[in-house]
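Below, each chain spelled out in residue letters.
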Amino acid sequence: MDEFEPKIIGFLCNWCSYRGADMAGTARIKYPANLRIIRVMCSGRVNEMLISKAFATGADGVLVCGCHPGDCHYQKGNLSARRRVVGLKPFLEAIGIGSDRLRLEWISPSEGHRLADTVKDFTHVIRQRGPSPLNRRRDEH
């Protein structure tokens, strides 16, 4: 039987996390190809609807990455992202998706290794959990 390969959507802020991913690529740091990156200007622009839509359209996991607190180019955008992610986790748990399928990380432009390690760890967690319940229900029909 083939091993389950999760589909992970990553919302990465333009100024820090996306540049960390670029640094990882430039340095040829290997990490799983399960991450589909969507560059956003600020992690604070990632709202509950974007995360919900990612799950509804087939994501097994969602990763939101932003600037470290105090380093946001839009002052408090990353704090808005944290508030939204923390607030959404109980809802994901209640509807059966699971709160551990949503992760928030702070990654700076110089932390390519941190991005790679985060993607490796998150891919491992989602692989252990299996396909999203939304995907399993869709496959049954």
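The structure under discussion appears in the preceding block.
Attention in this report is confined to the structure presented alongside it.

**Notes on the pairing of strand β2 (residues 35–40)**
Relative to β2, strand β1 (residues 8–13) is paired through 6 bridges, and the arrangement is parallel. The residue of β2 that forms the bridge with C13 is V40. Handedness of the crossover joining β1 and β2 through helix α1 (residues 17–26) is recorded here as right-handed.

**Examining the pattern of salt bridges**
Following the criterion strictly, the structure yields 5 salt bridges and no others. With its nearest N and O atoms 2.9 Å apart, the salt bridge here joins E5 to R127. Of the two residues, E5 is situated in the segment before β1 and R127 in helix α4 (residues 112–129); the sequence distance between them amounts to 122 residues. With relative accessibility at 47%, the residue E5 sits in the partly exposed group. Among the residues examined, R127 registers a relative accessible area of 24% and is labelled partly exposed. Of the charged contacts in the structure, one is a salt bridge between E105 and R114, with a shortest N-O distance of 3.1 Å. When salt bridges that share partners are traced, they join E3, E5 and R127 into one network.

**As for the packing of aromatic side chains**
Across all of its chains, the model carries 0 aromatic pairs by this definition. One Lys or Arg, R39, reaches over the ring of Y18 and ends 4.1 Å from the middle of that ring.

**Observations regarding unusual backbone geometry**
In this model, R28 sits at a positive phi of 60 degrees, which is unusual for a non-glycine residue. Structurally, the position occupied by R28 is in the loop between α1 and β2. Given a relative accessible area of 74%, R28 falls into the exposed group. The residue Q75 is not glycine, and still its phi comes out positive at about 70 degrees. Secondary-structure assignment places Q75 in the loop between β3 (61–66) and α3 (77–94).

**Some thoughts on the sheet that holds β3**
Spatially, the 4 strands line up as an open sheet ordered β2-β1-β3-β4, and their pairing is parallel. Among the strands making up the open sheet, the edge pair consists of β2 and β4 (102–106). Between one strand axis and the next, the sheet turns through 20 degrees on average, direction left out of account. Pairing of β1 with β3 involves 5 bridges; the strand directions are parallel. Note on β3: the bridge partner recorded for G10 is L63. Relative to β1, α1 is tilted by about 110 degrees, and along the sheet it contacts β1, β2 and β3. Packing against the sheet, α3 makes contact with β3 and β4, and its axis sits at approximately 160 degrees to β4.

Rules used throughout
Residues numbered from 1 in each chain as written. Predicted model: local features only at pLDDT ≥ 70, side-chain atom pairs only at ≥ 80, totals over all residues. Heavy atoms only, no water. Pairing = 2+ DSSP bridges. Helix = DSSP H or I, 4+ residues; strand = E, 2+ residues; numbered from the N terminus. Right-handed = clockwise from strand over helix to strand, strands pointing away. Salt bridge = Lys/Arg side-chain N within 4 Å of Asp/Glu carboxyl O. Buried < 20%, exposed > 50% of the residue type's maximum accessible area, 1.4 Å probe, protein only. Phe/Tyr/Trp six-rings, centres within 6.5 Å; stacked < 30°, edge-to-face > 60°. Lys NZ or Arg CZ within 6 Å of the ring centre and 35° of its normal. Axes fitted to C-alpha atoms, helices over the stretch in contact; angles between N-to-C directions. Contact = heavy atoms within 4.5 Å.

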